[in-house]
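# Fold and geometry: a report
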Amino acid sequence: MSILLVILGYFRSILRSALLLVCITPWTKSQADQRAPPSTYDQWYDEQAYSDTIHFVDDWAVMSRQSCYDWEILHTMKKDLERCRRLGDERGLCSQLRAQCSRNMCRILSPALYQRSQIQTKKLIHDYVREVQQSIIYLGERTGVANGAVSVVPAQEKRQVIIDMRTTLGRTSLLLQGGAIISMVHLGVVKALFEQRLLPRIITGTSTGALIAAHVCVTKDEDLLGVLDATSINLDAFARSQNGNVADGITSWFGSTFFATVKRRWRRYRTSHHVFDIDVLKDCTQANLGDITFEEAYQKTGRILNITIAMSEVAGTPQLLNYLTAPHVLVRSAVVASIATSKAMYAPVQLLCKNPAGELVMYFAADFSEKDHNHRRSTVHPEAPLTRIGELFNVNHFIVSQTRPYIAPFIQLQRFADRHQPLGLLVRFTLFEWRHWLEVLNQFNKLPTILQRVLVDEVVPTIASWSKVSITPQLGLKDLLKTFDTPTPAKLQEWSARGEKCTWPYICELKVRCDIELELDAAYTRLRRTGALGATIRHRADP
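Residues numbered from 1 in each chain as written. Predicted model: local features only at pLDDT ≥ 70, side-chain atom pairs only at ≥ 80, totals over all residues. Heavy atoms only, no water.

## Here we look at the packing of helix 13 (residues 278–289) against helix 15 (residues 331–339)
For the record, the criterion: Comment: axis = line fitted to C-alpha atoms, over the contacting stretch for helices; angle = value between 0 and 180 degrees taken between N-to-C directions. Helix and strand definitions here come from DSSP, where helices need a minimum of 4 consecutive H or I residues and strands a minimum of 2 consecutive E residues; each element is numbered from the N-terminal end. The handedness criterion is simple: a crossing whose near helix is rotated anticlockwise from the far helix by less than a right angle is left-handed, and one whose near helix is rotated clockwise is right-handed. Here a residue-residue contact requires only that any non-hydrogen atoms of the pair lie within 4.5 Å. Residues are grouped as follows: Ala, Val, Leu, Ile, Met, Phe, Trp, Tyr, Cys and Pro are nonpolar; Asp, Glu, Lys and Arg are charged; every other residue, Gly included, is polar.
Interaxial distance between helix 13 and helix 15 falls to 9 Å at its minimum, and their mutual angle equals 145 degrees. Like other packed secondary-structure pairs, helix 13 and helix 15 cross with a definite hand, here right-handed. Contacts between helix 13 and helix 15 involve Ile278, Leu281, Lys282, Thr285, Gln286 and Leu289 on the former and, on the latter, Val331, Arg332, Val335, Val336 and Ile339. Looking at side-chain class alone, the contact of helix 13 with helix 15 contains seven nonpolar, two polar and two charged residues.

Have a look at this one:
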């Protein structure tokens, strides 16, 4: 027993030291690097390209041989696709494409392939993805005549290949997590993905991340950059609240704005038993989102908005709101309900919807029952929202913008440990063990709602290691003190810039993950617009 305690003591010391190193890394880097940081992706890319040249990464990328992926098989498949396309062998091309409907074909998403450089991986992988894209374009644009003769493959069969590939490969959803003011990082994440043409059409928001997701999904492409730069976001509701506090004579302790905020919220909690003013949040969402519903937002932009709600006492309300599960619910009311999940933080919220006459009415759950109150409290999460998204929209791949202060440090710790094996195995074992004990406590209903959301809402419903990419900003202790700051245009622009920069290192890997999927979506959309799909029944989630 004593030996076990000694081992646990050593383990705690190692974990504490690693966590401390992760927390102080941003400060040490900023002091050591005196150069001005790049402000655009092109500048950052040029710096990384220069660094790759110095460290001979270019030579490593050209060399196909690597034990962490099946490079020989990948090379053969690329050559087969190229040969079929060059010779006009449509039958062979269809056969080859059907056999290559995996996002992690030949283990091309192995983490080791993306640790040497932040802007490139093996040239063979880039060439393979490009060849699959060209094959899809070739197959989608071919007519019924090839080289002066009738094609041996009917047009309907070629179209079916694209449909089957799209179904088998699956789809990607961008998941924006909560985190109060820190979640404004999502603006930069979405901007970086949008500029690189990697922004998925399916966007999911949780808590404050739902506010950013709603902004993106109700704004057309031509106006989206104004929102992502924080220049088109209306913050008048927060400004009016600040002016009202000054008029009420709320002054700061020790002349600090931080202590003034603490004092103001303490006074509100003593009078109303809520830390934050829900009316300010309602005014802000109404000023920016209006009275648009989920279905109207989808028809306007073509993007699929999903908002998750942790309803602790209204189990009859859907936990996943989108234009299929709640088409007539107002987006702004869903955003407020997703944020105000804690009674200690916000007053209760009621969802709103539009009736057939266009009037705003209360939205009530169909299976709400007062008699089953105790049972509903014991089943807070009957179904994980992310699992439901996979069922509705064939989503099997998630880009997670993680900004929750109690989760982001662990992700940073795991990334640090993965670069320093065998420490990575030790850290991963600890995180798995920690999650296991949370699940045990959850079975006995001993966890608060916030930790239940960690277990259910925040976990990607698949065991595949390649099914998720987590984008997390570097957070220090100073950032944690700003978690509940009042948003201003300057603060939003600052967090947006940080989110954009923390996304750049993932662009290369995301292109490998998503380029084939996006090309399939584009080919399917062209077939739909030209009427080439014939009598094929369109799913409501399709463009």
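That was the structure; now back to the text.
## Digging into the pattern of salt bridges
Put simply, the test is: Any Lys or Arg side-chain nitrogen located within 4 Å of an Asp or Glu carboxyl oxygen qualifies as a salt bridge. Each residue is placed in one exposure class: buried if its accessible area under a 1.4 Å probe, protein chains only, is under 20% of its type's maximum, exposed if it is over 50%, and partly exposed if it falls in between.
Under the defined criterion, the tally for this structure stands at 18 salt bridges. One salt bridge in this structure joins Arg83 and Asp80, with 3.8 Å as the shortest N-O distance. Of this pair, Arg83 and Asp80 both sit in helix 4 (residues 71–87), three residues apart, which is roughly one turn of the helix. Of the residues examined, Arg83 reaches a relative accessible area of 34% and is grouped as partly exposed. Close ionic contact of Arg103 with Glu517 constitutes a salt bridge, the shortest N to O distance being 2.9 Å. One end of the pair, Arg103, is in the loop between helix 5 (90–98) and helix 6 (123–141); the other, Glu517, is in helix 23 (residues 507–530), with 414 residues separating them in the sequence. Overall, Arg103 belongs to the buried group, its relative accessible area being 3%. Assessed through its relative accessible area of 5%, Glu517 is described here as buried. What emerges from the salt-bridge pattern is a single network uniting Lys123, Asp127 and Arg130.

## Some remarks on helix 2 (residues 41–54)
Quick reminder of the rule: The length a helix should cover is 1.5 Å for every residue beyond the first. As used here, the arc is the angular range of directions from the helix axis to the C-beta atoms.
Taking 1.5 Å as the rise per residue, helix 2 with 14 residues should run 20 Å; its terminal C-alpha atoms sit 20 Å apart, in good agreement. Considered for burial, the residues of helix 2 that qualify are Tyr41, Trp44, Gln48 and Asp52. The buried residues of helix 2 occupy an angular sector of 75 degrees when projected down its axis, which confines them to one face. In helix 2, the exposed positions that point more than 90 degrees away from the buried face belong to Asp42, Asp46 and Tyr50.

## Here we look at helix 9 (residues 208–217)
Most of helix 9 sits out of view: ten of its ten residues are buried. By the burial criterion, the buried members of helix 9 are Thr208, Gly209, Ala210, Leu211, Ile212, Ala213, Ala214, His215, Val216 and Cys217.

Keep in mind these numbers describe shape, not what the thing actually does.
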